[in-house]
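Chain by chain, the residues:
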Amino acid sequence: MIFVIATSELADNCREEFIAVVKENIPLVRAEAGCISYTLTGDFESGLSAQVKSNENTVTFVECWESLEHLKAHLAAPHMNSFREKVKGMRKSSTLKVLTPVC
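Here we summarise the structure given alongside this text. None of these values were measured; they are calculated from a predicted model. (Residues numbered from 1 in each chain as written. Predicted model: local features only at pLDDT ≥ 70, side-chain atom pairs only at ≥ 80, totals over all residues. Heavy atoms only, no water.)

This structure, assessed with the given rule, holds 4 aromatic pairs. Aromatic pair phenylalanine 18 and phenylalanine 83: ring centres 6.0 Å apart, planes at 70°, arrangement edge-to-face. Separated by 65 residues along the polypeptide, phenylalanine 18 in helix α1 (residues 15-30) and phenylalanine 83 in helix α3 (residues 78-86) bring together distant segments of the chain. Each member of the pair, phenylalanine 18 as well as phenylalanine 83, carries the same accessibility label: buried. Ring pairs connect the aromatic residues Phe18, Tyr38, Phe61 and Phe83, which therefore count as one cluster. (Phe/Tyr/Trp six-rings, centres within 6.5 Å; stacked < 30°, edge-to-face > 60°. Helix = DSSP H or I, 4+ residues; strand = E, 2+ residues; numbered from the N terminus. Buried < 20%, exposed > 50% of the residue type's maximum accessible area, 1.4 Å probe, protein only.)

What follows deals with the layout of surface pockets. Here the largest pocket is characterised by a volume of approximately 260 Å³. Listed by contribution, the elements that provide at least two residues to the lining of the largest pocket are β1 (2-10), β3 (58-65), α2 (68-76), α3 and β4 (91-99). Here the lining of the largest pocket is composed, by residue class, of 9 nonpolar, 5 polar and 3 charged. (1 Å grid on protein atoms, 1.4 Å probe; cavity = no way out; pocket = protein on both sides within 12 Å on 5 of 7 lines; lining within 4 Å. Points joined across faces, edges and corners; volume = space filled by probe spheres on them. Nonpolar A, V, L, I, M, F, W, Y, C, P; charged D, E, K, R; others polar.)

Before going further, it helps to examine the pairing of β3. In terms of burial, β3 is a largely internal element, 7 of the 8 residues being buried. Note that strand β2 (residues 35-42) and β3 share 7 bridges and pair antiparallel. Bridge pairing in β3 links tyrosine 38 to glutamate 63. (Pairing = 2+ DSSP bridges.)

Here is the structure:
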């Protein structure tokens with residue numbers, strides 16, 4: 001099992017449109033072989049001192065996949081290519097972390 005944390009800083013005034021495109025794509029991703037969970041999250045101001053500063057233009061996919069092979073298939077899926085085209089220009093930057101349980 002692997003976890004994916006994919007964070008994007010969105011361009012100004014793109015948040016709602018980006019979320020709408022994601023909502024269309026979520027059922028397709030969740031139906032993929034090997035997808036355990038796939039959720040788009042937004043920064044939440046908790047007031048906890050250890051939390052980094054929140055940003056309303058930051059969104060993060062929190063994903064869980066059965067294997068790296070399933071993640072690679074997901075990234076190559078036709079609906080993901082379509083998704084990337086639809087959101088082109090909506091993101092200022094993106095980061096990706098792939099994690100595995102250690103205990």
